[in-house]
Each structure stands twice: as C-alpha cells, then as structure tokens.
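Here's the letter readout for the chains.
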Amino acid sequence: MSNTPTTQTRIADSFGSQGLMKTLGASLVFVGEGEVHIAMPFSLALSQQQGFVHAGAVTSIVDSACGYAALTTAPAEFDVVTAEFKINFMRPALGTRFLAVGKVQSAGKLLSVCTGEVRAFTDGGTAYKVVAMMQATVVNVRRAG
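Read on for a plain summary of the structure. All figures in this text were calculated on a predicted structure; none of them were measured in a lab.

## Points about the pattern of salt bridges
This structure, assessed with the given rule, holds 3 salt bridges. Here Arg142 and Glu77 are joined by a salt bridge, their closest N and O atoms 3.9 Å apart. Separated by 65 residues along the polypeptide, Arg142 in strand 6 (residues 129–142) and Glu77 in the loop between helix 3 (55–71) and strand 3 (78–89) bring together distant segments of the chain. A relative accessible area of 38% means that Glu77 is categorised as partly exposed. Residue Asp79 pairs with Arg143 through a salt bridge whose shortest N-O separation is 3.4 Å. Taken as a pair, Asp79 in strand 3 and Arg143 in the segment after strand 6 lie far apart in primary sequence, 64 residues in all. In this structure Asp79 comes out as partly exposed when scored by relative accessible area, which is 31%.

## Section: the pairing of strand 5 (residues 111–121)
Along any regular strand the residues' side chains alternate between the sheet's two faces. The buried fraction of strand 5 amounts to 8 of the 11 residues, a majority that puts the element mostly inside the structure. Summarising the sheet, strand 4 (residues 97–107) and strand 5 pair through 10 bridges and their orientation is antiparallel. In the strand pairing of strand 5, Ala100 is matched with Val118. Between strand 4 and strand 5, which follow one another and run antiparallel, lie 3 residues. Bridge count between strand 5 and strand 6: 10 bridges; the pairing is antiparallel. Bridging across to strand 6, Val118 finds its partner in Ala132.

## Brief notes about the nonpolar core
Within the largest apolar cluster, 37 residues are counted, with the highest numbers of intra-cluster contacts made by Ile38, Met40, Ile61 and Val118. Counting residues per element, the ones that place at least two in this core are helix 1 (5–16), helix 2 (19–24), strand 2 (35–41), helix 3, strand 3, strand 4, strand 5 and strand 6. For this core, the element with the most residues is helix 3, which contributes 10 residues. Dropping the residues within four chain positions of it, Ile38 is found in contact with Phe15, Ala26, Ser27, Leu28, Val29, Ile61, Ser64, Ala65, Tyr68, Phe98, Leu99 and Ala100.

## Thoughts on the side chain of Thr72
Here Thr72 is to be found in the loop between helix 3 and strand 3. With relative accessibility at 0%, the residue Thr72 sits in the buried group. At 2.6 Å, the side chain of Thr72 forms a polar contact with the backbone oxygen of Ala69.

Each value, and the rule that gives it
Residues numbered from 1 in each chain as written. Predicted model: local features only at pLDDT ≥ 70, side-chain atom pairs only at ≥ 80, totals over all residues. Heavy atoms only, no water. Salt bridge = Lys/Arg side-chain N within 4 Å of Asp/Glu carboxyl O. Helix = DSSP H or I, 4+ residues; strand = E, 2+ residues; numbered from the N terminus. Buried < 20%, exposed > 50% of the residue type's maximum accessible area, 1.4 Å probe, protein only. Pairing = 2+ DSSP bridges. Core = buried A, V, L, I, M, F, W, Y, C linked by side-chain atoms within 4.5 Å. Contact = heavy atoms within 4.5 Å. Polar contact = N/O pair within 3.5 Å; in protein donor to acceptor, adjacent residues only side chain to side chain.

Given below as structure tokens:
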C-alpha cells in the first residue's frame, strides 16, 4: 500500500483516539511508507523511582510506532494488532524528550515483522542515545463492518 494522504489521515485519526498516547503526552511526528515516529516529552508523571522514564512508557511509544509502521503497509480494509514483541533496555531513559522510530522489516499478507528503537535527547539538538530496541510481530486483522 502506498503512503497516500488517506494512509496518513487514517493513522493520525487512529493515533488521536488512543487515550494512552494522550496520557503520555505523545505525538505522531512522522508517517512514511513502512516507518512511523512518535515523540514523547519527559514528564515526572512518567518517571519511575530512580527518576528516569518508566519502561512501560518507553514500551508503549515504541509498540505504537511499530504498529503504525505496519499499518502503512496493510491493506485498506485491515487494522493491526501486536501479537508479540521483545524489548531490550540498553540504558536508563534519561532525557528531555524521546523519539520512538518503528520500521517494517518484512510485510506479509497477515503478519509484519517490525523493529523499533527509542532515542533519548538531552537538549534541543540532534544528538541522541538509543535507550531501547524492540522487535515486534504485528497482525493484520480485517475491520468489522
């Protein structure tokens, strides 16, 4: 499926309906063919006991980035759900902002394999450290109705 304005609108509408992404303060910042970026600012409300962003928040944004990346390659009559993922946390999620990058590595008729990473930025610049990496299996499911 090509990355048409319809695909971008479909993903933006779906993202906008996710209560969790609103709770996290996350925003959809890039939608391309097989690739989606989701940004999240640091918030004390998302921190764990040692002061860095909780693994649950990090996992949530990269899972969504992978899922929406898979949706860019899914047929128009399908939605997607995550069937499985593995995540590695490489360092504490310390930063002022975070970017989850999800990419489709292989898109089949029913399953897509995606990889994702979460980048931590400490200032307004472009330098970052990867704090987490994910591999996910995403399933195409036919929309009801």
